[in-house]
Amino acid sequence: MKALNILKKNKLLVLVTLVYGIIFIAAPQTAMKSVGNSVYYLVEMLQVLPVIFLLTVVIEAWVPKELIMRGFGEKSGFKGNLLSLLLGSISAGPIYAAFPISKSLLSKGASVRNIVIILSSWAVIKLPMLANEAKFLGVDFMIVRWILTVICIFVMAYLTAIVVKKKDMPGTALKKQTDVFSIKEEYCIGCGLCAEILPEYYGMKNNKACVKASPDNKEAVKAVLESVQKCPTKAIIFEKAMKGEIS
Ligand code: SF4
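Here the structure is a predicted model, which means the values were calculated and not measured. Here the residue numbering is sequential within each chain, running from 1 through the sequence in written order. The predicted nature of this model means local features are confined to residues of pLDDT at least 70 and side-chain atom pairs, given and counted, to a pLDDT of 80 or more, with totals for whole chains, interfaces and linings taken over all residues.

*Asks:* Which parts of the structure should I look at to understand the overall build of the chain?
*Replies:* Labels follow the DSSP assignment, with helices taken as runs of H or I lasting at least four residues and strands as runs of E lasting at least two, numbered in each case from the N terminus. Summing up its helical and strand segments, the chain has 13 helices and four strands in all. Computation of the radius of gyration draws on C-alpha atoms, with the globule rule given as 2.2 Å multiplied by the number of residues to the power 0.38. On C-alpha atoms alone, the chain measures out to a radius of gyration of 25 Å, which is more than a quarter above the 18 Å that the 2.2 N^0.38 rule sets for 247 residues. Its C-alpha atoms put the chain at 75 × 55 × 30 Å along the principal axes. When burial is assessed residue by residue, the chain has 19% of its 247 residues classed as buried. Contacts are defined on C-beta atoms placed from the backbone: any two residues whose C-beta positions lie within 7 Å are in contact. Sequence-distant contacts, at least 24 apart, represent 68% of the contacts inside the chain between residues at least 6 apart. Buried residues are those with 20 or more other C-beta atoms within 10 Å of their own C-beta, exposed residues have 12 or fewer, and partly exposed residues lie in between; C-beta atoms are placed from the backbone.

The structure is reproduced here in structure tokens:
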């Protein structure tokens, strides 16, 4: 039963192994070539992915959400589109490396439209690619292809943003308010002030404050913000990003 569950969870891997098995029986030499190619790409991924994961961690931990929203968010407008085009064009590395970075940017507030632009320009109009293209196929060819590709990228980005909504994408839904409304227990001295002034949002448990509910309207947010200020040890966390979204 456990083995069946593991197989179900790794359907793609099972399918690829099956295909490999069939090719090995039918055409062993072709199968060996496939194994060689797979090993090549595996090694390439192992070289690239650690750097990419490091970069995504840096984006998650160090780049402020406000900065991403300003540069690549819904309200960044055409300037944001151009910035995305530039980011995708000057990027390095294979396209699969772009996906974890795109996911980080999305979760930090980048728009679907700009993510499509980054991914598409990363895939087909990277600067090193353009330089090689000009060398082998001529500057005219490169320029015409670049212009037509950019037009297509923009059309694709705007259409995708109409069809695909951010909330439907995995791992990009807004955090629940409780995720950013919490008490730092190690700082709380259990004075009970928060629970006294806002009993609907704070409670006391084992001499420490706890969050009972999240504010869900503008007035409640204002009251919670005031309680954050009044806490003598600054133990209440109520993050700025959520304040902005509610108000
Ligand atoms: S006001 Fe601050 S220190 Fe006092 S109980 Fe509430 S969270 Fe703890």
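*Asks:* I'm lost on the pairing of strand β2 (residues 202–205) in this one. Help?
*Replies:* The two faces of a sheet get side chains in turn, since along a regular strand they alternate between them. One requirement defines pairing of two strands: DSSP has to find at least two bridges between them. The sheet contact formed by β2 and strand β3 (residues 208–211) spans four bridges and is antiparallel. Across the sheet, Tyr-202 pairs through a bridge with Val-211, a residue of β3. Counting the residues that bridge the hairpin from β2 to β3 gives two residues, and of these Asn-206 lies at a positive phi of roughly 50°.

*Asks:* I'm lost on the nonpolar core in this one. Help?
*Replies:* Note on soluble globular proteins: their nonpolar side chains tend to be buried together. Definition of nonpolar core: a set of buried Ala, Val, Leu, Ile, Met, Phe, Trp, Tyr and Cys residues joined via C-beta atoms within 7 Å. Membership of the largest hydrophobic core comes to 18 residues, with the highest contact counts inside it found for Leu-105 and Ile-115. Among the elements of the structure, α4 (65–72), α6 (98–107), α7 (112–124) and α9 (139–163) are those that each provide at least two residues to this core. With seven residues, the top contributor of residues to this core is α7. Leaving out residues up to four positions away in the same chain, Leu-105 has contacts with Ile-59, Ile-68, Phe-72, Ala-110 and Ile-115.

*Asks:* Just checking my understanding: could you explain helix α5 (residues 77–90) for this structure?
*Replies:* An α-helical turn contains 3.6 residues, so a residue and the one three or four places further along point in the same direction. To estimate the expected span of a helix, subtract one from its residue number and multiply by 1.5 Å. If you check α5, its first and last C-alpha atoms are 20 Å apart, about what 14 residues at 1.5 Å a residue would give, namely 20 Å. Gly-80, Asn-81, Ser-84, Leu-85, Gly-88 and Ser-89 are the residues of α5 that are buried. On its buried side, α5 packs onto α4, α7, α8 (127–137) and α9.

*Asks:* Quick question: what am I supposed to make of α6 here?
*Replies:* With seven of its ten residues buried, α6 lies for the most part within the structure. For α6, every residue scored as buried is listed here: Ala-98, Ile-101, Ser-102, Ser-104, Leu-105, Leu-106 and Ser-107. Gly-109 lies just past α6 and shows a positive phi near 120°.

*Asks:* Where do I start with the environment of Thr-56 in this structure?
*Replies:* Tracing the backbone shows Thr-56 in helix α3 (residues 28–62). The class for Thr-56 is partly exposed, based on 19 C-beta atoms found within 10 Å. For the pair formed by Thr-56 and Gly-73, sequence separation is 17 residues and the distance between their alpha carbons is 17 Å. Setting aside chain neighbours within four positions, we find Thr-56 in contact with Pro-100, Ile-101 and Ser-104.

*Asks:* Even after reading the chapter, I still don't get the environment of Asp-216, so can you show me in this structure?
*Replies:* Along the polypeptide, Asp-216 turns up in the loop between β3 and α12 (218–230). Through-space distance from the C-alpha of Asp-216 to that of Val-57 is 31 Å; in sequence the pair is 159 residues apart.

*Asks:* Can you help me understand unusual backbone geometry in this one?
*Replies:* Excluding glycine, most residues fall at negative phi; most peptide bonds, likewise, are trans. The backbone phi angle of Asn-206 is positive, close to 50°, even though this residue is not glycine. Its location among the elements puts Asn-206 in the loop between β2 and β3. The class of Asn-206 is exposed, set by 7 C-beta atoms lying within 10 Å. Of note in this structure, Lys-234 is not a glycine but carries a positive phi near 55°. Among the structural elements, Lys-234 can be located in the loop between α12 and β4 (236–238).

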